[in-house]
Amino acid sequence: MPFGARLAAAMDAHGPLCVGIDPHASLLEAWGLPDSPAGLREFSSRVLEAVGGRVAAVKPQAAFFERHGSGGLAVLEEVVAAARETGTLSIVDAKRGDIGSTMGAYAEAFLRDGSPLAGDALTVSPFLGFGSLAPAVELATATGRGLFVLCLTSNPEGASVQHARRGAGAGTTTVAASIAASAGELNAGAEPFGSVGLVVGATIGAAAQGTGTDLVGVNGPLLAPGVGAQGAGPDELRAVFGDARRTVLASSSRGVLRAGPDLGALRAAALKAAGEAARALRG
Ligand SMILES: O=C(O)c1cc(=O)[nH]c(=O)n1[C@@H]1O[C@H](COP(=O)(O)O)[C@@H](O)[C@H]1O
């Protein structure tokens, strides 16, 4: 089954929440764990024990694993495998993007069957040109995996690139709108929606409307980070996504992880965030 259909089923079953696995040094310390591969391993396995099989998806942030070199990457491989065991979809947040031929190698690393770093989906950057992502689109399609293409990111600096206008005269479009249109072409006709999603931060206010970005026309999942620690909540989710809200997968890392290390508290925080996201997006 393609990623889009699997994600839609997981969101229906568990609510539209993705829990980020972001082992910040400060969180490891707060959990009484060492800032080392062993600490990452214990942190991630606790998160998976608390939420695996109970939320739609988890999103390990590669940077926090890469910071520990090969030892950290080995843990990321374990996290991807362990998430699969729990039946929870994993989105590897590595935000890759490069010229097409190198993008092919990233695709092999993160989207090929049998690759130890291949989860169910990957975050990718279209800022070398949407077309440069073609190798990832092809391999993801062939293996039933998904992509989340950065479009309107949650950080304030993103606007300087994403809101920029391309073209001349009356027919100009913003960069964000063109990324969304390109994803929409790839997802055309897919049901319940396609497998090429976008990243649209829950913190962006009216930027989708302001940039003319058609979030409904994407016909793909919208990963919405910024919930919790970056300040967005149910009101922001409703306001940002409007008619596209049923395709949104809200994402929270620190907002849930700060409840740890107690398993019950971690699970309760995740289920509370999932309930809030469901009421905001599906009510
Ligand atoms: O692709 C992402 O997930 C992402 C895109 C974006 O626009 N903003 C954003 O915060 N993220 C990621 O989402 C997570 C947010 O973490 P919290 O702010 O702790 O919930 C981090 O792993 C970010 O790298």
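Residues numbered from 1 in each chain as written. Predicted model: local features only at pLDDT ≥ 70, side-chain atom pairs only at ≥ 80, totals over all residues.

The protein appears in an unreviewed UniProt entry as Orotidine 5'-phosphate decarboxylase from Flavimobilis rhizosphaerae. Per its UniProt entry, the protein bears the Catalytic activity (unreviewed entry) comment "orotidine 5'-phosphate + H(+) = UMP + CO2". Looking at the protein in UniProt, the text filed under Pathway (unreviewed entry) is "Pyrimidine metabolism; UMP biosynthesis via de novo pathway; UMP from orotate: step 2/2." (UniProt positions renumbered as here; feature names shortened; annotations may be inferred.)

**Student:** Explain the confidence of the model for the protein to me, please; I cannot follow it from the model alone.
**Tutor:** One rule of thumb: low pLDDT means the predicted coordinates there are not for detailed reading. On average, residues of the protein score 97 in pLDDT, and 100% of them are at 70 or above. Here the predicted complex scores 0.98 on pTM and 0.99 on ipTM. (pLDDT = per-residue confidence, 0-100.)

**Student:** I'm lost on the sheet that holds strand β2 (residues 57–60) in this one. Help?
**Tutor:** Think of a sheet as strands paired side by side through backbone hydrogen bonds, with each pair either parallel or antiparallel. Pairing is parallel around the closed barrel formed by eight strands, whose spatial order is β1-β2-β3-β4-β5-β8-β9-β10. Taken pair by pair, the neighbouring strands of this sheet meet at an average axis angle of 30°, ignoring direction. In the sheet, strand β4 (residues 121–124) pairs with strand β5 (residues 146–152) via four bridges, with the strands oriented parallel. What sits directly across from Leu-122, in β5, is Leu-147. (Pairing = 2+ DSSP bridges. Helix = DSSP H or I, 4+ residues; strand = E, 2+ residues; numbered from the N terminus. Axes fitted to C-alpha atoms, helices over the stretch in contact; angles between N-to-C directions.)

**Student:** Before we go on, may I ask you to explain helix α3 (residues 37–51) in this structure?
**Tutor:** Its 15 residues give α3 an end-to-end C-alpha distance of 21 Å, which sits within 8% of 21 Å, the value for a rise of 1.5 Å per residue. Among all positions in α3, only Gly-39, Leu-40, Phe-43, Ser-44, Val-47, Leu-48, Ala-50 and Val-51 are buried. Looking straight down α3, one finds that the buried residues subtend no more than 165° of arc, so they occupy a single side. Directly beyond the C-terminal end of α3, a positive phi value near 80° is found at Gly-53. (Expected span 1.5 Å × (residues − 1). Buried ≥ 20, exposed ≤ 12 C-beta atoms within 10 Å, placed from the backbone. Arc of directions from axis to C-beta.)

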